[in-house]
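Okay, here's what each chain looks like letter by letter:
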Amino acid sequence: MGVARETTNYLLHMTETMLDVARLETSRWRLHLEPIILHELIHRVCLPFELATRPDQAQIQHVVDVDLPLIWVDQILLQRVLINLISNAIRYTPASGVIQIRAWRHSVEEFAISVEDSGQGIPPEAIPHIFERFYQASQHGQRRGNGLGLYFCRLAVEAHGGRIAVQSKPDEGSQFVIILPMRIEPE
C-alpha cells in the first residue's frame, strides 16, 4: 500500500509540474503577488523538512536577514521553488552533511535566496544544462527525477523578473542562488 501511495503522489506531483511548466512557458501563469515577510516564508518552508529529518539525513539550517522589508512575490510559486531546491539538496547530501538556506538583500533593488549543500555536487559538464527542460545530470551512472524540477524553478524565478544560477564542485556540494527584484509594492 505504501508503494502505491508513493507512486500516486509522484505521478500527481509530476502531472502538476508538467501543467505548471506549460502555463509558465506560454505566459498563461498570472503571478499572484502578495506581501510576504521573507524569514517567515523560509521558516514555513523549512519547518516540515526539519521536523521530518531522519538520522540518515543531512542537517537543515536557515539564516535570513531580519531587516528585509515586506516583499511582493507569488508566494505559492516561490514556496514550490524552495521546496524543490531543498528536496534536491536532501537527496544529494549525505547524513553527515549540511544544507543551508539563506536570504539577504543582494542590492538596493534585489534580494537573494540560496540553498547550499555539502553533497555530491554536479558534474562540471552538466552545469550549463542543469536548468533545461528534461535535462538530468548523471553522476556515478545514476539519474533521478524527471528533468522538470530545475526547469520549473528557472521558469518560476524568471516569471518574477529574476534569475537563478548554480555553482558546484563534485564531492564538495552545490549552491543554488535565486535573485529577485525587491518589489515593495505590486506593479
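Values in this document were obtained by computation on a predicted structure and should not be read as measured data. (Residues numbered from 1 in each chain as written. Predicted model: local features only at pLDDT ≥ 70, side-chain atom pairs only at ≥ 80, totals over all residues. Heavy atoms only, no water.)

Participant: Sorry if this is basic, but what is going on with the packing of aromatic side chains here?
Facilitator: How two aromatic rings sit relative to each other is set out by the distance from centre to centre and by the angle between their planes. Enumeration according to the criterion identifies 1 aromatic pair in this entry. Between Phe131 and Phe176, the ring centres sit 6.0 Å apart and the planes meet at 90°, which makes this aromatic pair edge-to-face. One end of the pair, Phe131, is in the loop between strand E5 (110–117) and helix H4 (149–159); the other, Phe176, is in strand E7 (residues 173–181), with 45 residues separating them in the sequence. Each member of the pair, Phe131 together with Phe176, is buried. (Phe/Tyr/Trp six-rings, centres within 6.5 Å; stacked < 30°, edge-to-face > 60°. Helix = DSSP H or I, 4+ residues; strand = E, 2+ residues; numbered from the N terminus. Buried < 20%, exposed > 50% of the residue type's maximum accessible area, 1.4 Å probe, protein only.)

Participant: How should I be thinking about the pairing of strand E3 (residues 71–74) in this particular structure?
Facilitator: Looking along a regular strand, one sees the side chains alternate between the two faces of the sheet. The side-chain alternation of E3 yields two buried faces, one formed by Ile71 and Val73 and the other by Trp72 and Asp74. Here strand E1 (residues 33–36) pairs with E3 via 4 bridges, running antiparallel. Within E3, the position partnered with Pro35 by the bridge is Trp72. (Pairing = 2+ DSSP bridges.)

Participant: How should I be thinking about the packing of helix H3 (residues 75–92) against H4 in this particular structure?
Facilitator: Between two packed helices, both the angle of their axes relative to each other and the distance between the axes serve to describe the pair. Relative to each other, H3 and H4 sit at 145°, their axes nearing to 10 Å. Judged by the sense of rotation from one axis to the other, the crossing of H3 with H4 is left-handed. Residue-level contacts link Leu77, Arg80, Val81, Asn84, Leu85 and Asn88 of H3 to Gly149, Leu150, Phe152, Cys153, Ala156 and Val157 of H4. Looking at the contact of H3 with H4, its residues break down into 8 nonpolar, 3 polar and 1 charged. (Axes fitted to C-alpha atoms, helices over the stretch in contact; angles between N-to-C directions. Left-handed = near helix turned anticlockwise from the far one by under 90°. Contact = heavy atoms within 4.5 Å. Nonpolar A, V, L, I, M, F, W, Y, C, P; charged D, E, K, R; others polar.)

Participant: Before we go on, may I ask you to explain H3 in this structure?
Facilitator: Count 3.6 residues to each turn of an α-helix, and residues three or four apart come out pointing the same way. If you check H3, its first and last C-alpha atoms are 26 Å apart, about what 18 residues at 1.5 Å a residue would give, namely 26 Å. The element H3 is largely enclosed, with a buried count of 13 among its 18 residues. A distance of 3.3 Å separates the backbone nitrogen of Ile76 from a side-chain oxygen at the start of H3, and that oxygen is part of Asp74. (Expected span 1.5 Å × (residues − 1). Polar contact = N/O pair within 3.5 Å; in protein donor to acceptor, adjacent residues only side chain to side chain.)

Participant: Help me understand the sheet that holds E5 in this model?
Facilitator: Hydrogen bonds between backbone groups are what pair the strands of a sheet, and the pairing can be parallel or antiparallel. Spatially, 5 strands are ordered E2-E4-E5-E7-E6 in an open sheet, and the strand pairing comes out mixed. The outermost strands of the open sheet, each flanked by one partner alone, are strand E2 (59–64) and strand E6 (163–169). For this sheet, the mean angle separating the axes of adjacent strands, direction not counted, is 10°. Pairing geometry for E6 and E7, over 7 bridges, is antiparallel.

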